[in-house]
Amino acid sequence: FHLLIMDDLHSSDEVTFIPEMVEPVCYDAIESVLKDKLYNDFSVPKWVDEICSKVTKELIEMNKPFKYIVSCVIMQKKWSWITCWTFKLLGDCK
């Protein structure tokens, strides 16, 4: 049995947020849900739920002592001849 002292916890890598570990999780979730999909207003809420669920599940499985807020916004950008998807991963909160 090991008693974890707060100083030990603060000095360990367990409390370090590493964006490079989270970015692939987000991109993989986005890719798995939206791959080969065409924009559809009626499907967006379902896609948002799926992406957020996948990301949250993966973050929890990392077993870091953090609380997570996962948010997803899907927008359609239209020009006269093209429609595209835009994704942006926001950095960690400081």
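Just above, that's the structure.
Residues numbered from 1 in each chain as written. Predicted model: local features only at pLDDT ≥ 70, side-chain atom pairs only at ≥ 80, totals over all residues. Heavy atoms only, no water.

Q: I would appreciate a short explanation of empty space enclosed by the protein in the present structure.
A: Gaps between atoms show up when a probe of the same size as a water molecule is rolled over them. Applying the stated criterion across every chain, the model contains one cavity of 30 Å³ or more. Reported here for the largest cavity is a volume of approximately 70 Å³. (1 Å grid on protein atoms, 1.4 Å probe; cavity = no way out; pocket = protein on both sides within 12 Å on 5 of 7 lines; lining within 4 Å. Points joined across faces, edges and corners; volume = space filled by probe spheres on them.)

Q: In this structure, what is going on with the environment of Ile51? I would like to understand it.
A: Within the secondary structure, Ile51 is located in helix H3 (residues 44-61). The buried category is assigned to Ile51, whose relative accessible area is 4%. Along the primary structure Ile51 and Val70 are separated by 19 residues, whereas in three dimensions their C-alpha atoms are 9.1 Å apart. Apart from the residues lying within four places of it in its own chain, the contact partners of Ile51 are Ala29, Ile30, Val33, Leu34, Cys72 and Ile74. (Helix = DSSP H or I, 4+ residues; strand = E, 2+ residues; numbered from the N terminus. Buried < 20%, exposed > 50% of the residue type's maximum accessible area, 1.4 Å probe, protein only. Contact = heavy atoms within 4.5 Å.)

Q: Would you mind going over unusual backbone geometry with me for this structure?
A: Glycine aside, residues mostly have negative phi, and peptide bonds are mostly found in the trans state. For Asp36, which is not glycine, the phi dihedral falls at a positive 65°. Along the chain, Asp36 turns up in the loop between helix H2 (19-34) and H3. Phi angles above zero are rare outside glycine, and Asn63 is one such case at about 55°.

Q: What am I meant to see in H2 here?
A: With 16 residues, H2 ought to run about 22 Å at 1.5 Å a step, and its terminal C-alpha atoms sit 22 Å apart, in line with that. Within H2, burial applies to Val22, Val25, Cys26, Ala29, Ile30, Val33 and Leu34. Relative to the axis of H2, the buried residues are bounded by an arc of 135° and lie together on one face. Of the exposed residues in H2, those oriented more than 90 degrees away from the buried face are Glu20 and Asp28. Asp36 lies just past H2 and shows a positive phi near 65°. (Expected span 1.5 Å × (residues − 1). Arc of directions from axis to C-beta.)

Q: How should the packing of aromatic side chains be read in this particular structure?
A: Ring pairs (aromatic) are described by centroid distance and by the angle formed between their planes. All told, the structure shown has one aromatic pair when counted by the stated rule. Consider the rings of Phe66 and Tyr68, whose centres lie 6.3 Å apart with planes at 80°: the pair is edge-to-face. (Phe/Tyr/Trp six-rings, centres within 6.5 Å; stacked < 30°, edge-to-face > 60°.)

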